[in-house]
Number of protein chains: 2
Amino acid sequence: MLNYPAGHTSSRMRQKEIYKKKPKQSYASRGMSLEDKLNQSNDYYLQKGMAVIHKKPTPVQVVKVNYPKRSAAKITEAYFRNASTTDYNGVYKNHYIDFEAKETNNKTSFPLANLPEHQRVHMRQCIKHGGLAFLIVSFKAYQEIYLLPFNRVDDYLGTTDKQSITYEWIKQNSYPCNVGLFPMIDYLPAIDAYLKDLDN
Amino acid sequence: MLNYPAGHTSSRMRQKEIYKKKPKQSYASRGMSLEDKLNQSNDYYLQKGMAVIHKKPTPVQVVKVNYPKRSAAKITEAYFRNASTTDYNGVYKNHYIDFEAKETNNKTSFPLANLPEHQRVHMRQCIKHGGLAFLIVSFKAYQEIYLLPFNRVDDYLGTTDKQSITYEWIKQNSYPCNVGLFPMIDYLPAIDAYLKDLDN
């Protein structure tokens, strides 16, 4: 039921194969991308009736299409385009949810140069209209995942020329997400904690 | 800044050409699809800081990609897929907004057979979590556009075997949207009227 990105099916198949060979979650999840894990988590939340959050399809500029008789239209020339918004949005406990997921191999800081200005503008606008906007940041080296409210990053980056934030700063300013099997990235409790802080 | 669907640029260029020849809005807008008009309206709302609502990219299953040297990756085989959710979502006045746009040439009724079950399930889920879900229905023959709350259609369809609703029923159960130039389909006041009714 979800809009899986291209290649998802094969990665899910890969995942299943890995499960057969190695039942331990830590090995299986290591082979999956952050996106796959978030898709699985969103799928889980949807099935359990906990939230409706989807990844948006990757934008593609279609140039040429063939329409063969008695079979599906075939795109023969197309190009990937940059997303103009963030990757994920949806609704949870009456709140509009909007986020972007980023992963790093770096152990001491998180580079934000790859968070383009138009995505920052988009998240500022979402917040202005009452939505919750955040980053899901993954430190691969530690297998740690944090929910980082966008306005905090935005305020911080406004005070410095640096385009990276330290691991320590992130730990102090974000909400850790439990990593497991079902769901693989349990970020709804992190949203709850964030909402509680917003109320105080 | 918006995720325009494939072909948008050319239709916008077409639109400009039409404007040059025929300055009257009614002619120009007649040549545009409902989707183009909604994209223009969402763009207008975004620029004016009134709402953040985007059309999701059309989902495409990518099969083959070429990576030529010194130029962009070229997709050489891909297929259109059915969207698993609705086409539009975003945030307005703290509310999660979710809708699907449908157009008909029919003068007396609106066929809903082309509203697939998975989209209905999706809209039910959005409502359950506190979002606003509706259809934007366009009667081309009358150049009339209505915001039809999804739960009303859903309740109605639950009581009948018919998969179409009459024009009269729609007029009684929905909120008319002003049609103009900026924006072409002014549906935010229709959301306001719906919200007011929900509060009462």
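Residues numbered from 1 in each chain as written. Chains lettered and ligands numbered in written order. Predicted model: local features only at pLDDT ≥ 70, side-chain atom pairs only at ≥ 80, totals over all residues. Heavy atoms only, no water.

As a further point, take the side chain of K56 of chain B. Structurally, K56 of chain B is set in the loop between β1 (52-55) and β2 (60-66). In terms of polar contacts, K56 of chain B uses its side chain to reach the side chain of T85 of chain B, at 2.6 Å. Setting aside residues no more than four positions away along its own chain, K56 of chain B makes contact with P57 of chain A together with T85, T86, D87 and N89 of chain B. (Helix = DSSP H or I, 4+ residues; strand = E, 2+ residues; numbered from the N terminus. Polar contact = N/O pair within 3.5 Å; in protein donor to acceptor, adjacent residues only side chain to side chain. Contact = heavy atoms within 4.5 Å.)

Bringing the pattern of salt bridges into the picture now. For the structure shown, the criterion picks out 10 salt bridges over all chains. The salt bridge partner of K102 of chain B is E100 of chain B, with a shortest N-O separation of 4.0 Å. Overlapping salt bridges bring together E117, R124 and D154 of chain A as one network. (Salt bridge = Lys/Arg side-chain N within 4 Å of Asp/Glu carboxyl O.)

Facing the 46 residues of chain B at the interface are 46 residues of chain A. The interface formed by chain B and chain A contains zero salt bridges. The interface formed by chain B and chain A includes nine residue pairs in polar contact (both at pLDDT 80 or more). Along the lines of polarity and charge, the residues of the side of chain B that touches chain A split into 22 nonpolar, 18 polar and six charged. The pairing of strand β3 (residues 74-80) of chain A with strand β3 (residues 74-80) of chain B spans four bridges and is antiparallel. Counted as the bridge partner of Y79 of chain A is K74 of chain B from β3 of chain B. (Nonpolar A, V, L, I, M, F, W, Y, C, P; charged D, E, K, R; others polar. Pairing = 2+ DSSP bridges.)

In this section: helix α5 (residues 150-158) of chain A. All names here are of chain A. Taken as a whole, α5 has its buried residues at F150, V153, D154 and L157. The buried residues of α5 occupy an angular sector of 100° when the element is viewed end-on, so they sit on one face. Contacts from the buried residues of α5 go to α4 (117-128), β7 (132-139), β8 (144-149), β9 (164-166) and α6 (167-173). (Buried < 20%, exposed > 50% of the residue type's maximum accessible area, 1.4 Å probe, protein only. Arc of directions from axis to C-beta.)

For the rest of this paragraph, the subject is the sheet that holds strand β11 (residues 185-186) of chain B. Within a sheet, each strand pairs with its neighbour through backbone hydrogen bonds, oriented either parallel or antiparallel. All names here are of chain B. Here seven strands make up an open sheet; going across it, the order is β1-β4-β5-β7-β8-β10-β11 and the pairing mixed. Both outer strands of the open sheet, β1 and β11, are each paired with one neighbouring strand and no more. With six bridges connecting them, strand β7 (residues 132-139) and strand β8 (residues 144-149) associate as antiparallel partners. Paired with F134 across the strands is P149, a residue of β8. The strands touched by helix α7 (residues 188-199) are β1, β4 (88-92), β5 (95-104), β7, β8, β10 (175-179) and β11; relative to β10, the strand with the most contacts, the crossing angle is about 160°. (Axes fitted to C-alpha atoms, helices over the stretch in contact; angles between N-to-C directions.)

So, about the relation of the copies chain B and chain A. For the pair of chain copies, the relating transformation is a rotation about an axis with a translation along it. Superposing chain B onto chain A takes a rotation of 180° plus a shift of 0.0 Å along the axis, which leaves an RMSD of 0.0 Å. Overall, the copies show the geometry of a two-fold rotation axis. Here 100% of the contact residues of chain B are again contact residues in chain A; the copies associate through an equivalent surface. (Least-squares fit on C-alpha atoms with pLDDT ≥ 70 in both.)

This part covers the UniProt feature "site: Transition state stabilizer" (unreviewed entry) in chain A. All names here are of chain A. Residues annotated in UniProt with the feature "site: Transition state stabilizer" (unreviewed entry) correspond here to K102. Looking at the secondary structure, you find K102 in strand β5 (residues 95-104). We classify K102 as buried; its relative accessible area is 12%. Beyond its immediate sequence surroundings of up to four residues, K102 is in contact with L34, F110, N114, L115, Q119, I136, V137 and S138. (UniProt positions renumbered as here; feature names shortened; annotations may be inferred.)

As a further point, take unusual backbone geometry. All names here are of chain A. A cis amide bond links F182 to the next residue, P183, at an omega of -5°. Note on placement: P183 falls in the loop between β10 (175-179) and β11 (185-186). The phi dihedral of R70 is positive, around 55°, even though this residue is not glycine. Its identity is not glycine, yet N94 carries a phi of approximately 70°, on the positive side. Note on placement: N94 falls in the loop between β4 (88-92) and β5. For N94, a relative accessible area of 49% corresponds to the partly exposed category.

Time to look at the packing of α4 of chain A against α5 of chain A. Residue and element names in this part refer to chain A. Viewed as axis vectors pointing N to C, α4 and α5 meet at an angle of 125°, and their least axial separation amounts to 10 Å. Classified by the interaxial angle, the pair formed by α4 and α5 is oblique. In this structure, the crossing between α4 and α5 has a hand that is left-handed. Here R120, M123, R124 and I127 of α4 lie close against α5, whose contacting residues are F150, N151, D154 and L157. For the contact of α4 with α5, the class distribution of residues is four nonpolar, one polar and three charged. (Parallel < 35°, antiparallel > 145°, perpendicular 65-115°, else oblique. Left-handed = near helix turned anticlockwise from the far one by under 90°.)

Attention shifts here to the sheet that holds β3 of chain B. The strand order across the open sheet built from four strands is β2(A)-β3(A)-β3(B)-β2(B), with neighbouring strands paired in antiparallel fashion. A strand with exactly one partner marks an edge of an open sheet, and here the two such strands are β2 (60-66) of chain A together with β2 of chain B. Each strand of the sheet is rotated relative to its neighbour by a mean of 35°, with strand direction disregarded.

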